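# Examination of the molecular architecture
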Amino acid sequence: MDFFACILVETERSQGELQDYLNNQKFSPAKNHEMVETEVVKLCTNRLETKYVVNEDVVFETIKDEIDFDNYYVLIIYDGGYDSDFDIWGH
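Every chain is numbered on its own, with residues counted from 1 as its sequence reads. Restriction of local features to residues with pLDDT of at least 70 applies here, the model being predicted, together with a cutoff of 80 or more for giving and counting side-chain atom pairs; totals for whole chains, interfaces and linings are based on all residues. Calculation of side-chain values draws on the structure's entire complement of heavy atoms; hydrogens and water are dropped beforehand.

## Structural notes on the overall build of the protein chain
Helix numbers and strand numbers start at the N terminus; a helix is a DSSP run of H or I with at least 4 residues, a strand a run of E with at least 2. Counting secondary structure elements, the protein chain contains 1 helix and 5 strands. The linear arrangement of helices and strands in the protein chain, starting from the amino end, is β-α-β-β-β-β. Overall size of the protein chain, expressed as C-alpha extent along the three principal axes, is 45 × 30 × 15 Å. The buried label applies to any residue whose accessible area, calculated with a 1.4 Å probe on protein chains only, is under 20% of its type's maximum; exposed applies above 50%, and partly exposed to all values in between. Relative to its full complement of 91 residues, the protein chain shows a buried share of 31%. Under the convention used here, a 1.4 Å probe and the Shrake-Rupley method define accessible areas, while residue burial counts only the protein chains that appear. Accessible surface, the protein chain as shown: approximately 6900 Å² in total, 47% of it carbon and sulfur. Charge assignment in this entry is limited to Lys and Arg as positive and Asp and Glu as negative, and neither His nor the chain termini are counted. A charged residue contributes its charge at one atom only: NZ of Lys, CZ of Arg, CG of Asp or CD of Glu. Averaged over its 7 positive side-chain charges, the protein chain has a centre that lies 3 Å from the centre of its 20 negative ones.

Dropping the structure here:
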């Protein structure tokens, strides 16, 4: 089981500044991990590309008509790799 959260931001701050900000937060992992993983992705389109999302697409419709993505970033918080304790289909 994986826990994934992301937020789209428009900011003048650099990717490094945003990553430092995330690294200094104290996010609590769901279970046994010592810490959660974080990533800051600089957008080039309205579609998010990250190692944390596979077989799905994260598309930001609010910026679908944007042509200049210079100040758009996605802040990601990820905690995963846990065994699933239940079957979503009820088996």
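## Examining the nonpolar core
What we call a nonpolar core is a set of buried Ala, Val, Leu, Ile, Met, Phe, Trp, Tyr and Cys residues that are connected through their side-chain atoms within 4.5 Å. Judged by nonpolar contacts, the single largest core of 13 residues is most densely connected at L43, L48, F60, I63, V74 and I76. The biggest single contributor to this core is strand β5 (residues 72-79), with 4 residues. Only heavy atoms matter for contacts: two residues are in contact if any of them lie within 4.5 Å across the pair. If we ignore the near neighbours within four places in the chain, the residues touching V74 are C6, I7, L8, E39, V40, V41, L43, L48 and F60. V9, L18, Y73 and L75 belong to the second-largest nonpolar core, a separate cluster that totals 6 residues.

## Here we look at the side chain of T11
Its location among the elements puts T11 in the loop between β1 (3-10) and α1 (15-23). For T11, a relative accessible area of 18% puts it in the buried group. Not counting chain neighbours up to four residues away, the residues in contact with T11 comprise L18, N71 and Y73.

## Considering the sheet that holds β5
Taken in spatial order, the 3 strands of this open sheet run β1-β5-β2, and their pairing is antiparallel. Two strands in the sheet have a free side with no partner beyond their single neighbour: β1 and β2 (37-42). Recorded for the sheet is a direction-independent mean angle of 15° between the axes of neighbouring strands. Pairing between strands is defined by DSSP: at least two bridges between them are needed. For β1 and β5, the ladder comprises 8 bridges, and the chain directions are antiparallel. If you follow F4 over to β5, its bridge partner there is Y78. Geometry is summarised by axes, namely lines fitted to C-alpha atoms with helices restricted to the contacting stretch, and by angles between N-to-C directions that run from 0 to 180 degrees. Along the sheet, α1 makes contact with β2 and β5, crossing β2 at roughly 160°.

## Notes on the pattern of salt bridges
The term salt bridge refers to a side-chain nitrogen of Lys or Arg lying within 4 Å of a carboxyl oxygen of Asp or Glu. Going through the model one piece at a time under the given rule, you end up with 1 salt bridge. In this structure, R47 and D57 form a salt bridge, with 3.0 Å as the shortest nitrogen-oxygen distance. Residue R47 is located in strand β3 (residues 47-48), and its partner D57 is located in the loop between β3 and β4 (58-59); the two are separated by 10 residues in the primary sequence. The exposure class assigned to D57 is exposed, which follows from its relative accessible area of 55%.

## A look at unusual backbone geometry
Non-glycine residue N55 carries a positive phi angle of around 65°. Summarising the element assignment, N55 is placed in the loop between β3 and β4.

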